[in-house]
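# Inside the fold
Okay, here's what each chain looks like letter by letter:
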Amino acid sequence: MDMNRICLLIIIMLSPEMNPMKICDLRLINLYMNRVRVLERKSAQCTDRPPLLAPIIVPNVEVRLSDWQNMTELQQGNEILLHLKLLLNATENVKTPECISLQLIKITHYIKETSGLINKALESISNSSIPVEISVLPSDGRHISTSDSTEIFNRFLKLLHGKMTLFLHRLREGPCR
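Scope of this entry: the structure provided in the associated data block. Since the structure is predicted, the reported quantities are computational estimates derived from the model, not experimental observations.

The subject of this paragraph is the environment of Asp 48. Structurally, Asp 48 is set in the loop between helix 3 (26–44) and strand 1 (56–59). Note on Asp 48: relative accessible area 37%, which makes it partly exposed. The spatial distance from the C-alpha of Asp 48 to the C-alpha of Pro 97 is 6.6 Å, given a sequence separation of 49 residues. Apart from residues no more than four positions distant in its own chain, Asp 48 is found in contact with Pro 97 and Cys 99.

So this is what it looks like as structure tokens:
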């Protein structure tokens, strides 16, 4: 898929009149996963990758299926948004060499786009045009402190592959039908 098609897909996905079916298209998650993998490979090629002076906090994005299945769609979406917020804070607050910094700027953009998609999904679920505010910690409540800036890529990929994919599958069974 060439860059123009990708940009068009994103514009369509983020348009105000976006319907729930477009949110639930799992190809979008695959698109983000491929982009993040590219960024991760580029950051791995950086020769100046010293440990961070101050550790960053990244979310624990592991999924306990029994807990996850007992949550409502709103709870699942809110948990994903909180994870995205923590990842966004980590990308914006970390001081890294220029090579990795360029990759983090791009992943920050992807995290913001993904947050917008989840907000759209939650709006369609709650029938509200007001974005859902996050005020509680995820059900597992655990976060990970690390001195490796590349852990941001790893956590975002796990979030996309795990909780976000499960969330979209669930939406496809309900509001996206």
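Here the focus is the state of the cysteines. With the rule as written, the count across this model stands at one disulfide. Each sulfur of the disulfide joining Cys 46 and Cys 99 lies 1.9 Å from the other. The S-S bond linking Cys 46 to Cys 99 shows a torsion near -75 degrees; that makes this disulfide left-handed. A residue pair is termed long-range when its members are at least 10 positions apart, and Cys 46 in the loop between helix 3 and strand 1 and Cys 99 in helix 6 (residues 98–126) qualify at 53 residues.

Let's shift gears to the side chain of Thr 150. Tracing the backbone shows Thr 150 in the loop between strand 2 (143–146) and helix 7 (151–173). Every residue in contact with Thr 150, bar those within four places of it in the chain, is listed here: Ser 43 and Arg 49.

Each value, and the rule that gives it
- Residues numbered from 1 in each chain as written.
- Predicted model: local features only at pLDDT ≥ 70, side-chain atom pairs only at ≥ 80, totals over all residues.
- Heavy atoms only, no water.
- Helix = DSSP H or I, 4+ residues; strand = E, 2+ residues; numbered from the N terminus.
- Buried < 20%, exposed > 50% of the residue type's maximum accessible area, 1.4 Å probe, protein only.
- Contact = heavy atoms within 4.5 Å.
- Disulfide = S-S within 2.5 Å.

Just geometry here; none of it tells us what the structure is for.
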